[in-house]
Amino acid sequence: MRPQKITFGDMREAGIRGVLVWCADYRCSHSVALSADRWADDVRLSDIEPRFVCSACGKRGAEVRPDFNWGKPIVSAMGYRNMT
Ligand SMILES: [Zn+2]
């Protein structure tokens, strides 16, 4: 049983605009960062996991996690912006 994850709508509400997709095979651990814009608000992260095929090892299935750092410079993620 896969744990049910949050939806893209929940994620966008939290201000997260991207996801990290990890290969389901931990020995491969290939990962890619994707924009979440292509998925609808009612889609769960766990719904799309079986649809990925790893481009490195060809294994089907993935681990999808919110990308908390999507499009954010590190300073902004820390709540501090120093524009010089
Ligand atoms: Zn892989």
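Every value quoted in this text rests on a predicted model; they were computed, and no experiment measured them.

## Quick word on the overall build of the chain
Inference 1: Assigned secondary structure in the chain consists of three helices and three strands.
Inference 2: In sequence order, the secondary structure elements of the chain are arranged as α-β-β-α-β-α.
Inference 3: Scored against the burial criterion, the 84 residues of the chain give a buried share of 14%.
Inference 4: Within the chain, counting contacts between residues at least 6 apart in sequence, those at least 24 apart form 66% of the total.

## Examining the nonpolar core
Inference 1: In terms of nonpolar packing, the biggest core is built from seven residues, these being V19, V21, C23, L45, C54, A62 and V64.
Inference 2: Elements that contribute at least two residues to this core include exactly β1 (18–23) and β3 (62–66).
Inference 3: In terms of residue count, β1 provides more of this core than any other element does, three residues in total.
Inference 4: Beyond its immediate chain neighbours, meaning those up to four positions away, C54 contacts C23, C28, H30, K59 and A62.

## Regarding the environment of F8
Inference 1: Examined against the element boundaries, F8 turns out to sit in helix α1 (residues 8–13).
Inference 2: Considered as a pair, F8 and D41 are 33 residues apart in the sequence and their alpha carbons are 4.9 Å apart.
Inference 3: Leaving out residues up to four positions away in the same chain, F8 has contacts with A36, W39, A40, D41 and V43.

## What to know about the sheet that holds β1
Inference 1: Within the open sheet, the three strands sit side by side as β2-β1-β3. Their pairing is antiparallel. The sheet is open, and its two edges are formed by β2 (31–35) and β3, each paired on a single side. Between one strand axis and the next, the sheet turns through 25° on average, direction left out of account.
Inference 2: Where β1 meets β2, five bridges bridge the pair, whose relative direction is antiparallel.

## Brief notes about the environment of D37
Inference 1: Within the secondary structure, D37 sits in the loop between β2 and α2 (45–48).
Inference 2: Taking the C-beta count within 10 Å as the criterion, D37 has 9 such neighbours and is therefore assigned exposed.
Inference 3: The spacing of D37 and G18 is 19 residues in sequence and 7.6 Å in space, taken between C-alpha atoms.

Thresholds, definitions, all that
Residues numbered from 1 in each chain as written. Predicted model: local features only at pLDDT ≥ 70, side-chain atom pairs only at ≥ 80, totals over all residues. Helix = DSSP H or I, 4+ residues; strand = E, 2+ residues; numbered from the N terminus. Buried ≥ 20, exposed ≤ 12 C-beta atoms within 10 Å, placed from the backbone. Contact = placed C-beta atoms within 7 Å. Core = buried A, V, L, I, M, F, W, Y, C linked by C-beta atoms within 7 Å. Pairing = 2+ DSSP bridges. Axes fitted to C-alpha atoms, helices over the stretch in contact; angles between N-to-C directions.

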